[in-house]
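Secondary and tertiary structure notes
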Amino acid sequence: MSNEDREVILSIKHVDVTFETGHKKKLVAVKDANFDIYKGETFALVGESGSGKTTLGRAIMRINPCSAGEIDFEGKRISGKISREEDRNVVRNIQMIFQDPAASLNERATIEYCVSEGLYNFHLYKDEEDRLAKVDRALESVGLLPEHKSRYPHEFSGGQRQRVGIARAMIMDPKFIVADEPISALDVSIRAQVLNLMNKLKAERNLTYLFIAHDLSVVRFIADRIAVIHLGEIVEIAESETLFKYPMHPYTTSLLSAVPMPDPVVEKTRKHIVYDPSVLDQSGEKREMREIRPGHFVFCTSKEFEGYEAKMAQMEQEKG
Amino acid sequence: MDENRNVIISAKDVEVKFRVRDNYLTAIRNVSLDLYEGETFAIVGESGSGKSVFTKTFTGMLESNGMISNGSVMFHGIDLTKLKTDKDWEGIRGAKISTIFQDPMTSLNPLRTIGYQITEVIEKHQKISKAEAKKQAIDIMERVGIPNAADRFDEYPFQYSGGMRQRIVIAIALSCHPEILICDEPTTALDVTIQAQIIALIRDLQKELGFTTLYITHDLGVVANVADRVGVMYGGQIIEYGTVEEIFFDPKHPYTWALLSSLPQLGVKGQDLYYITGTPPSLYNKIKGDAFAPRNERALKIDFEQEPPFFKVSDTHYAKTWLLDPRAPKLEKPEAIRNLHEKIKGMTDKGGAFHVE
């Protein structure tokens, strides 16, 4: 698919996110992130804890300010100082799904309140009747029943609670969803339910997802494109299929090798590659994102790029 | 399988109840399990299946409202269920049977140095001098892969990364040379790359020191990697057990089928992933028949009426399902997990999605 013809919904332009960690000390959590997310796709951001993936998600939500660069949503800047009206517009159109549904719902509020909270804040209902109808519809869309409204979060299982979290986001009729490890805290069987639900809602409502995860096996199933982030730097971006077929950056390879496979014979002989940054070019040349094949970017120096070119040519020959 | 291997710990008909607000919840329903010396046994199940509660009976660490209402756990001729006070447990818990928990941050004391926390255990269980304890502690820190162990001896947990902290927890657990190491979701809170390292570390240490490992996990990928034998738990019972190959390639219980089918690794893009409908049974009520029947689309009539016994599949493989009764209809396992080995091999061989050079 040619990426030029597609509509960009969110554009991250050379974004840095920095935290002050004490007197004159700074921690750069995200360094020069630069990519576009197209309308209607699921874009996955994959990395380990501490890689900056959540920080970047929170920068989009305007929770962490960018210290450099800007973020555009539908062509308008949403980072830095914007008008109150625009801020509300962002909050309404970009919603977030959190990792731990138990921690992200108010345990002293009923499901009805949890789900309607956004409606209250934005007065998105004509009257009580309209509000209740909207809550019912949101609950139904995630596979819960209208009678669940009067219950409290603790009365639900983990999977149901996560669905309440999704309903809470969906009721705002958002265009873009930042899903921060939405299934990491769930059991295997419930993971599958939530992933299916997210795929269904995406198809029905033409949503765009930024899916933040640490697990490549899940991402393969749900993502259209994947960005791999390591210590604040995006090291590789490619279409999902391509990334799995032709992983270029050694860190991507190590992530792939670490996914445990559910097969005792295969798993017991499998090599787990530990990422060793010393294999990279140590000349001190500044690294940049280079396009090795259309839509497939690797963060590297010119010397490394030559190495990746050779690797790619060899893999293409082998894999056809 | 070696038939005359020694059983190191033997649980028989264990039943555990919890008192919750004037009500009794039966968390474990008559579970029996023999562990052989030197093996790695993995218990898999969803949250609430009772896998953690069951293994807590091995170390007397049930919450105060819990009690073992039936059965025995025999270890070196002692029935562990009869031990009451901390004094009774001295010399067993932490010394012969150690546990590693999920979250290394909560199992370490944030206000004490790493060195103090390791030597504390060594001094308590072995009567040796401080200097000797420190020497042993640094030695075990090196063994679990802490670089510059001597320098890092006086650091605090917050100065360690998550993976390093879990290594320290392992060091503490192994500092008294236990015979059994219980690993309760040891890698769930860690990143995948760190997970692979910790799993390899536990395996290497096991080879070197020869302890028996009991893994508790919900991740079948981890099970495939570590286990010799596997037990699948559901609704407070082990419903199927066998060698790891038998459980993955020839599972018999519909719940094991369902668990394997819902793995995201088996998902096909553009199609829905398989998932288990409904919720696990409430443990407050008496469970009639097969606990999984209400969620099993292909349950038999008898599954709702009578609890199935264990049927023998092979000398090492048993499953608690009526499907193995000679009178039952022959049901084949779901399409998704047929030829599992070929499918996974396709993914990891050259050209597959998970192949790495």
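Reading guide: rules and limits
- Residues numbered from 1 in each chain as written.
- Chains lettered and ligands numbered in written order.
- Predicted model: local features only at pLDDT ≥ 70, side-chain atom pairs only at ≥ 80, totals over all residues.
- Helix = DSSP H or I, 4+ residues; strand = E, 2+ residues; numbered from the N terminus.
- Rg over C-alpha atoms; globule rule 2.2 N^0.38 Å.
- Buried ≥ 20, exposed ≤ 12 C-beta atoms within 10 Å, placed from the backbone.
- Contact = placed C-beta atoms within 7 Å.
- pLDDT = per-residue confidence, 0-100.
- Core = buried A, V, L, I, M, F, W, Y, C linked by C-beta atoms within 7 Å.
- Pairing = 2+ DSSP bridges.
- Axes fitted to C-alpha atoms, helices over the stretch in contact; angles between N-to-C directions.
- Nonpolar A, V, L, I, M, F, W, Y, C, P; charged D, E, K, R; others polar.

Once that is clear, we can look at the overall build of chain A. Counting its regular elements, chain A contains 12 helices and 12 strands. Relative to the globule expectation of 20 Å for 320 residues, the C-alpha radius of gyration of chain A, 21 Å, shows essentially globular dimensions. Dimensions of chain A, computed from C-alpha atoms along their principal axes, come out at roughly 65 × 50 × 45 Å. Buried residues in chain A amount to 44% of all 320 residues. Contacts spanning at least 24 positions in sequence make up 63% of the contacts within chain A whose residues lie at least 6 apart.

Per-residue confidence for chain B averages 90 on the pLDDT scale, and 99% of its residues sit at or above 70. Across the interface, the model reports ipTM at 0.81; the global pTM reads 0.87.

Turning next to the nonpolar core. Within the largest apolar cluster, 183 residues are counted, with the highest numbers of intra-cluster contacts made by Val46, Ala167, Leu210, Phe211 and Val219 of chain A together with Val223 and Val232 of chain B. At eight residues, the largest contribution of residues to this core is made by helix α7 (residues 162-174) of chain B. Beyond its immediate chain neighbours, meaning those up to four positions away, Val219 of chain A contacts Ala44, Val46, Phe211, Ala213 and Ile226 of chain A.

All right, on to the pairing of strand β10 (residues 233-239) of chain A then. Residues and elements named next belong to chain A. Judged by how many residues are buried, β10 sits mostly within the fold: five of seven residues are covered. With six bridges connecting them, strand β9 (residues 225-230) and β10 associate as antiparallel partners. Pairing of Ile226 across the sheet is with Ala238, part of β10. In this structure, the hairpin formed by β9 and β10 is closed by a connection of two residues, where Leu231 is found at a positive phi of approximately 45°. Examined bridge by bridge, β10 and strand β12 (residues 296-300) share two bridges and lie antiparallel to one another. Paired with Ile237 across the bridge in β12 is Phe297.

Here the focus is the sheet that holds strand β5 (residues 78-79) of chain B. Residues and elements named next belong to chain B. Here four strands make up an open sheet; going across it, the order is β2-β1-β4-β5 and the pairing antiparallel. Across the chains shown, the open sheet's two edge strands, defined by having one partner strand only, are β2 (23-36) and β5. Bridge count between strand β4 (residues 66-75) and β5: two bridges; the pairing is antiparallel. Residue pairing for β5: Phe75 is matched across the bridge by Ile78.

Further remarks concern the sheet that holds strand β3 (residues 40-44) of chain B. All names here are of chain B. Strands sit in the order β6-β7-β8-β3-β9-β10-β12-β11 across an open sheet of eight strands; the sheet is mixed. Only two strands of the sheet have a single neighbouring strand rather than two, namely β6 (97-100) and β11 (311-312). Direction of pairing for strand β9 (residues 229-234) relative to strand β10 (residues 237-243): antiparallel, over a ladder of six bridges. Each residue of the ladder has a partner; that of Val230, found in β10, is Gly242. Along the sheet face, helix α11 (residues 254-261) touches β9 and β10 and points at about 100° away from the line of β9.

With that settled, consider the interface of chain A and chain B. Listed by partner, the interface residues are 42 residues for chain A and 44 residues for chain B. Taken together, the elements giving at least two residues each to the side of chain A that touches chain B come down to α7 (188-205), α8 (216-222), α10 (250-258), α11 (264-269) and α12 (302-319) of chain A. A per-element tally of the side of chain A that touches chain B places α7 of chain A first, with seven residues. Looking at the side of chain A that touches chain B residue by residue, the classes come out as 18 nonpolar, 12 polar and 12 charged.

By the criterion of burial, α11 of chain B is predominantly enclosed, with eight of the eight residues buried. Within α11 of chain B the residues assigned to the buried category are Pro254, Tyr255, Thr256, Trp257, Ala258, Leu259, Leu260 and Ser261 of chain B. Its buried side turned inward, α11 of chain B meets α7 of chain A together with α9 (220-226), β9, β10 and α10 (244-249) of chain B.

Quick look at unusual backbone geometry now. Residue and element names in this part refer to chain A. Phi at Asp173 takes a positive value of approximately 55°, unusual for a residue other than glycine. In the Ramachandran plot, Asn206 falls in the positive-phi region, its phi being about 50° despite a non-glycine side chain. Tracing the backbone shows Asn206 in the loop between α7 and β8 (208-213). Of the residues examined, Asn206 has 10 C-beta atoms within 10 Å and is grouped as exposed.

All names here are of chain A. Mapped onto the secondary structure, Glu288 falls in strand β11 (residues 288-293). Here Glu288 falls in the partly exposed class, since 14 other C-beta atoms lie within 10 Å of it. Expressed as a C-alpha distance, the spacing of Glu288 and Phe299, which sit 11 residues apart in the sequence, is 5.2 Å.

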